[in-house]
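If you want the building blocks of each chain, they are given just below.
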Amino acid sequence: MATGEDIAAIAACFGCSPETAQLLMQSTLQRTFNHRQPIAYRGDPSDCLFLVLTGAVVSEIFGAEGQQAQLTRHGPGELFGAYPEATAHRADLCAQGETRMLAIPTTRMEQLARENAEIGAGLARLMARQLDLVLDRMAARIGLSASGRFHRALLQLADERGHIEPAPVISALALSVHTTRETGSRAISALVRRGIVERRDNALRIVSRRLLEEMVI
């Protein structure tokens, strides 16, 4: 993606002017990761704030008995990392799909947020939106069935055309909504059999979003 497109993406995410986005862009570094490539490990120093542009970043931990659990998933337009102070990563981080992001040192981000009202306001909106998403996901985990959570995750991954590309790793997607790989595989097979979802080369396409939404129960 060209620098001009990155500036436009920053302006859209922060709700700021192109001039303010340019100011923020001057302090960023571009980072690119392949699918499942590690980004950081639990305990590593965390001294940057990241804005995801494409792909996604998942955070995973292992329990006392070795079970793996996904804590969060950060998609395009979402932030993760350290703010307002440097800290340590609380979980392992890896890329989901081809992932590109912008990194800004935490100390610089904190300074810009104090000195520039647009950046400070945009940062507050982004973090408030992500808090709402976390609460929404927690409510879904409590209130939805395992298959309902899986169907909901598919809807959230799809773009405006209903495409999910690359196709999700079923075991990883199931893990992200706290269910089993078997449940996820059965759900996908049933959706394909009913024509609600179709498989494509390294991708899925939601044929009927309305029918899939009705299955989120």
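In this report, the structure presented in the accompanying data block is examined. (Residues numbered from 1 in each chain as written. Predicted model: local features only at pLDDT ≥ 70, side-chain atom pairs only at ≥ 80, totals over all residues. Heavy atoms only, no water.)

Overview of a nonpolar patch on the surface
- Where nonpolar side chains cluster on the molecular surface, the patch consists of Leu131, Val134, Leu135 and Met138 and spans about 370 Å² of accessible area.
- On the secondary structure map, methionine 138 appears in helix H4 (residues 117–143). (Patch = residues over 30% accessible without salt bridge, like charges linked within 9 Å, V, L, I, M, F, W, Y side chains within 5 Å. Areas by Shrake-Rupley, 256 points an atom, 1.4 Å probe, with all protein chains shown as cover. Salt bridge = Lys/Arg side-chain N within 4 Å of Asp/Glu carboxyl O. Helix = DSSP H or I, 4+ residues; strand = E, 2+ residues; numbered from the N terminus.)

Re the nonpolar core
- Ranked by size, the top nonpolar core spans 21 residues in total, and within it Ile10, Phe14, Leu24, Leu51, Met109 and Leu123 carry the most contacts.
- Those elements giving two or more residues to this core turn out to be helix H1 (3–14), helix H2 (18–25), strand E4 (48–62), strand E8 (92–105), helix H3 (106–115) and H4.
- Sorting elements by how many residues they give to this core places H1 first, with five residues.
- Excluding its chain neighbours within four sequence positions, the residues that come into contact with leucine 123 are Phe14, Leu49, Leu79, Tyr83, Met109 and Ala113. (Core = buried A, V, L, I, M, F, W, Y, C linked by side-chain atoms within 4.5 Å. Buried < 20%, exposed > 50% of the residue type's maximum accessible area, 1.4 Å probe, protein only. Contact = heavy atoms within 4.5 Å.)

Some points on the side chain of arginine 152
- Along the chain, the position of arginine 152 falls in helix H5 (residues 146–157).
- Exposure remark for arginine 152: the relative accessible area of 16% places this residue in the buried category.
- Those residues in contact with arginine 152 that lie beyond four places of it in its chain are Asp136, Arg137, Ala140, Leu144 and Val216.

A word on the pairing of strand E10 (residues 197–200)
- With four bridges connecting them, E10 and strand E11 (residues 203–206) associate as antiparallel partners. Counted as the bridge partner of valine 197 is isoleucine 206 from E11.
- Turn length for the E10-E11 hairpin, with the two strands adjacent in sequence and antiparallel, is two residues, and the turn residue asparagine 202 shows positive phi of about 55°. (Pairing = 2+ DSSP bridges.)

Here's the deal with H1
- Between its terminal C-alpha atoms H1 stretches 16 Å, which fits the 16 Å expected from twelve residues at 1.5 Å a residue.
- Of the residues making up H1, those classed as buried are Asp6, Ile7, Ile10, Ala11, Cys13 and Phe14. For H1, the arc enclosing every buried residue in end-on projection is 170°, short of the 170-degree limit, so these residues lie on one face. Facing away from the buried side of H1 by over 90 degrees, the exposed positions are Gly4 and Ala12. (Expected span 1.5 Å × (residues − 1). Arc of directions from axis to C-beta.)

A short note on the layout of surface pockets
- Estimated volume of the largest pocket: approximately 1,100 Å³.
- If you trace the largest pocket, you find 38 residues lining it, with Arg73, Arg137, Ala153, Gln156 and Leu157 closest to the centre.
- Counting residues per element, the lining of the largest pocket draws most heavily on H4, which supplies eight residues.
- Classifying every residue of the lining of the largest pocket by side-chain character gives 17 nonpolar, twelve polar and nine charged.
- Approximately 680 Å³ is the volume found for the second largest pocket.
- Taken together, 26 residues make up the lining of the second largest pocket; nearest its centre are His74, Leu79, Phe80, Gly81 and Arg90.
- Elements represented by at least two residues in the lining of the second largest pocket include exactly E4, strand E5 (68–74), strand E6 (79–81), strand E7 (87–88) and H4.
- The greatest single-element share of the lining of the second largest pocket, amounting to six residues, is contributed by H4. (1 Å grid on protein atoms, 1.4 Å probe; cavity = no way out; pocket = protein on both sides within 12 Å on 5 of 7 lines; lining within 4 Å. Points joined across faces, edges and corners; volume = space filled by probe spheres on them. Nonpolar A, V, L, I, M, F, W, Y, C, P; charged D, E, K, R; others polar.)

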